[in-house]
Amino acid sequence: MEKSISLRGLSKKGFVYDLRTFRRIGEFPYDNEGWGLTHDDKSLIMSDGTNKIRYIDPVSFAVTRTIELYAEGQGVVNLNELEYVKGEILANIWHSTRIARVDPRSGQVVAWIDLSSIVAKEPHREEEVLNGIAYDKSAARLFVTGKNWSKLYEIKVTGNLR
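What you see is a predicted model, and the numbers here were worked out from it, not measured in a lab.

1. Points about the sheet that holds strand S2 (residues 13–18)
Next up, step 1: The strand order across the open sheet formed by three strands is S1-S2-S3, and the pairing between neighbours is antiparallel. A single partner strand is all that each edge strand has here, and the edge strands are strand S1 (3–8) and strand S3 (24–29). On average, adjacent strands in this sheet sit at an angle of 20° to one another, irrespective of strand direction.

2. Some details on the confidence of the model for the chain
Next up, step 1: Counting all residues, the mean pLDDT for the chain is 90, and 96% of those residues have values of 70 or more.
Next up, step 2: Predicted confidence in the chain is weakest over S1, with a mean pLDDT of 76, and strongest over strand S12 (residues 98–102), with 97.

3. Quick notes on the environment of Trp-149
Next up, step 1: The residue Trp-149 is located in the loop between strand S15 (141–146) and strand S16 (153–155) in this model.
Next up, step 2: For Trp-149, a relative accessible area of 9% translates into the label buried.
Next up, step 3: With 80 residues separating them along the chain, Trp-149 and Leu-69 place their C-alpha atoms 28 Å apart.
Next up, step 4: Setting aside anything within four residues of it in sequence, one finds Trp-149 in contact with Ile-118, Val-119, Glu-122, Pro-123, Glu-128, Val-129 and Leu-130.
Next up, step 5: Engagement of the side chain of Trp-149 in a polar contact is seen with the backbone oxygen of Glu-128, the distance being 3.2 Å.

Cut-offs applied
Residues numbered from 1 in each chain as written. Predicted model: local features only at pLDDT ≥ 70, side-chain atom pairs only at ≥ 80, totals over all residues. Heavy atoms only, no water. Pairing = 2+ DSSP bridges. Helix = DSSP H or I, 4+ residues; strand = E, 2+ residues; numbered from the N terminus. Axes fitted to C-alpha atoms, helices over the stretch in contact; angles between N-to-C directions. pLDDT = per-residue confidence, 0-100. Buried < 20%, exposed > 50% of the residue type's maximum accessible area, 1.4 Å probe, protein only. Contact = heavy atoms within 4.5 Å. Polar contact = N/O pair within 3.5 Å; in protein donor to acceptor, adjacent residues only side chain to side chain.

Next up, the structure:
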């Protein structure tokens with residue numbers, strides 16, 4: 001059975017759904033706020049608004065490791081939406097126009113994706129910010145959107161993703 005997992009940020013609960021029926025089949029607690037969630041082949045990968053990313057076992061939901069994100073020696077905070085793409089973690093920085101390309105082993109930001117030209121086209125109310133990243137693995141396409149935006153943008157990243 002294929003599953004989907006969602007987080008309820010302030011309630012500190014995660015929910016597991018059957019992808020075929022969308023029926024909730026489980027839930028689990030976690031100790032921090034849940035801002036973003038993605039996965040690699042082995043773990044769930046979760047952000048909480050700090051500069052920490054937690055790797056979580058998809059069966060027990062226990063934290064197996066934590067990395068801290070840094071760029072040029074400074075912690076990168078407000079990590080929000082995450083997407084795992086070709087061996088990198090893409091991390092949206094809440095209330096910014098950038099997405100960090102992160103080395104999942106070291107936590108170092110290896111490059112930035114600047115989306116200021118897209119953000120400038122969208123509403124400028126306080127919370128209507130860049131807030132979504134999706135990767136279509138079968139067609140190698142990357143998409144971004146924002147909170148309450150009416151559009152989904154396909155973007156091309158210059159420089160290879162791993």
